[in-house]
Amino acid sequence: MTQSDTKKWYIVQTYSNYENKAKLALEDRIQKLNLQDDFDQVFIPTETVTEVRNGKKRQVTRKFYNGYIFVKMNLNKTTWHAVKNTPKIVGFLGNQQDPVPVSEAEVKKIEERMEEGNANARPSYAFRQGDKVKIIDGNFKDFAGTVEEVNEEKERLRVFVEIFGRPTSVEFDFDQVMTITE
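I will try to describe carefully the structure that is included in this document. Residue positions are given per chain, counting from 1 as you read along its sequence in written order. With the structure being a predicted model, the display of local features is reserved for residues of pLDDT at least 70 and the display and counting of side-chain atom pairs for 80 or more, all residues being used for whole-chain, interface and lining totals. For side-chain calculations, the full set of non-hydrogen atoms in the structure is used, while hydrogens and water are omitted.

1. A word on the overall build of the protein chain
Going along the chain from the N terminus, every DSSP run of H or I of four or more residues is numbered as a helix, and every run of E of two or more is numbered as a strand. When helices and strands are counted, the protein chain shows three helices and twelve strands. Looking at the protein chain residue by residue over its 182 residues, the buried ones come to 35%. Here, two residues are considered to be in contact whenever any of their heavy atoms come within 4.5 Å of each other. Residue pairs at least 24 apart in sequence account for 61% of intrachain contacts in the protein chain once pairs closer than 6 positions are excluded. Residue exposure ignores everything except the shown protein chains as possible cover, and the areas themselves are Shrake-Rupley values with a 1.4 Å probe. Carbon and sulfur atoms form 44% of the exposed surface of the protein chain, whose accessible area is close to 11400 Å². Accessible area is worked out with a 1.4 Å probe on protein chains only. A residue is then buried under 20% of its type maximum, exposed over 50%, and partly exposed in between.

In structure tokens, the structure reads:
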């Protein structure tokens, strides 16, 4: 293991979907072992996305890399063991005994992507051909129909709606309909 004067970024593998618990456990371990001087930052790369489910918009945080956290630290025998022996952590990415640091430029790109993702939070929809939907806005409010065509780029749907006893094809924006769960 190498002794280092300046802190570098390392990617640490965690149990999948336990990134937050692994981060908290590592931060707690750093405190208990009094290693604050050897660690700068522990973070989980995420972005905020606006999701629409059942006609309701909500903010959701998504991880860029499931099962991984980033740690800026001085790598030495003590810090290596502190990380490796933390609950919910598998180990360092790559060579377990002598991990290779991630460049500052790569971490900057990830941070920029996180900021970009939060600034451009766009709704995500999950409509498919054949889905049963209820119209929640517009002239056909409270009508039900079946998705005929999905246009992701324009965020529009073509829906068969029964009007006066006849199926009629009508276009709607994604946010004008909600999926009917049976």
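2. Side note on the pairing of strand E8 (residues 132-135)
Side-chain alternation along E8 places Val133 and Ile135 on a buried face and Lys132 and Lys134 on a face that remains uncovered. Two elements, E8 and strand E12 (residues 177-179), share three bridges in a ladder whose sense is antiparallel. Within E12, the position partnered with Lys134 by the bridge is Met178. Two strands qualify as a pair provided DSSP detects at least 2 bridges between them.

3. Quick look at the nonpolar core
Think of a nonpolar core as a cluster: buried Ala, Val, Leu, Ile, Met, Phe, Trp, Tyr and Cys residues, connected wherever their side-chain atoms sit within 4.5 Å. Judged by nonpolar contacts, the single largest core of 18 residues is most densely connected at Leu26, Ile69, Val71, Met73, Val83 and Phe92. Elements with a minimum of two residues in this core: strand E1 (8-14), helix H1 (19-32), strand E2 (39-43), strand E5 (68-73), helix H2 (77-84) and strand E6 (89-92). The next biggest cluster of nonpolar side chains, apart from the first, holds 13 residues, and it includes Phe127, Val147, Ile163 and Phe172.

4. Focus: the pattern of salt bridges
A side-chain nitrogen of Lys or Arg and a carboxyl oxygen of Asp or Glu constitute a salt bridge if their distance falls within 4 Å. In this structure the tally under the stated criterion is eleven salt bridges. Note that Glu19 and Lys63 form a salt bridge whose closest N and O atoms lie 3.5 Å from each other. A residue pair is termed long-range when its members are at least 10 positions apart, and Glu19 in helix H1 and Lys63 in strand E4 (residues 56-63) qualify at 44 residues. Note on Glu19: relative accessible area 0%, which makes it buried. We note a salt bridge from Arg156 to Glu171, for which the minimum N-O separation is 2.9 Å. Residue Arg156 is located in strand E10 (residues 156-163), and its partner Glu171 is located in strand E11 (residues 166-173); the two are separated by 15 residues in the primary sequence. Taking relative accessible area as the criterion, Glu171 reaches 37% and is therefore assigned partly exposed. Linked by salt bridges that have partners in common, Glu149, Arg156, Arg158, Glu171 and Asp173 make up one network.

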